[in-house]
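Residues per chain, in single letters:
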Amino acid sequence: AEMKMVLVLLLSTLLGTAAVPPHRPACHKRVLKEHTCHSLPESKENLRHIHDGLQDHFWEGKGCEVICYCNLNELLCCPKDIFFGPKVSFVIPCNSQ
């Protein structure tokens, strides 16, 4: 039984690291405690709206690498080429301020 457990841990470690390159952060979720998507103050969560009709989509941080999608009171944030795919991500206007 111990050997099987070690094997499962080893496999999950290998699969987990192989799926995402080590230098790139994967997607992460954040629950908004006292806000919803519509009452979200941009400066509070370090987010900026992506314009051009992408409702509930935000840039996270200072640059334009990570996109967050807000659903009710939860943010799902991913690197933009994971989120939209490399073909679409380069046409999204970057409004870094």
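Please refer to the structure placed before this passage.
Residue numbers restart at each chain and count upward from 1, following the sequence in its written direction. Given that this is a predicted model, residues contribute local features only at a pLDDT of at least 70 and side-chain atom pairs are listed and counted only at 80 or more, while totals for whole chains, interfaces and linings are drawn from all residues. Side-chain descriptors were evaluated using all non-hydrogen atoms of the structure, hydrogens and water having been removed beforehand.

A word on the pattern of salt bridges
Inclusion rule: When a carboxyl oxygen of Asp or Glu is within 4 Å of a side-chain nitrogen of Lys or Arg, the pair counts as a salt bridge. Each helix is a run of H or I in the DSSP string that is no shorter than four residues. Each strand is a run of E no shorter than two, and both are numbered from the N terminus. Categorising residues by exposure relies on relative accessible area from a 1.4 Å probe, with only protein chains included: less than 20% of the type maximum marks a residue as buried, more than 50% marks it as exposed, and the intermediate range marks it as partly exposed.
Using the criterion set out here, one finds two salt bridges in the structure. A salt bridge links E74 to K29, with the nearest nitrogen and oxygen atoms 3.6 Å apart. Here E74, found in strand β5 (residues 74-79), pairs with K29, found in strand β1 (residues 28-31); they are 45 residues apart in sequence, far enough to count as distant. Relative accessible area serves as the criterion here: at 28%, E74 is assigned to the partly exposed category.

A closer look at the side chain of D56
How we decide: In this description, contact between two residues means that some pair of their heavy atoms is separated by no more than 4.5 Å.
Along the polypeptide, D56 turns up in the loop between β2 (47-49) and β3 (57-60). In this view, D56 contacts C37, H38, C68, Y69 and C70; residues no more than four positions away in its chain are not counted.

Considering the sheet that holds β2
Using the following cut-off: One bridge is not enough; two strands pair if DSSP finds at least two bridges between them. Working convention: axes come from line fits to C-alpha atoms, limited for helices to the stretch in contact. Angles between N-to-C directions cover 0 to 180 degrees.
Read from one edge of the open sheet, five strands run β1-β5-β4-β3-β2, paired in antiparallel fashion. At either margin of the open sheet sits one strand with a lone partner, and together these are β1 and β2. Recorded for the sheet is a direction-independent mean angle of 30° between the axes of neighbouring strands. By the bridge criterion, three bridges tie β2 to β3 in an arrangement that is antiparallel. Its bridge partner being in β3, R48 is matched across the sheet by W59.

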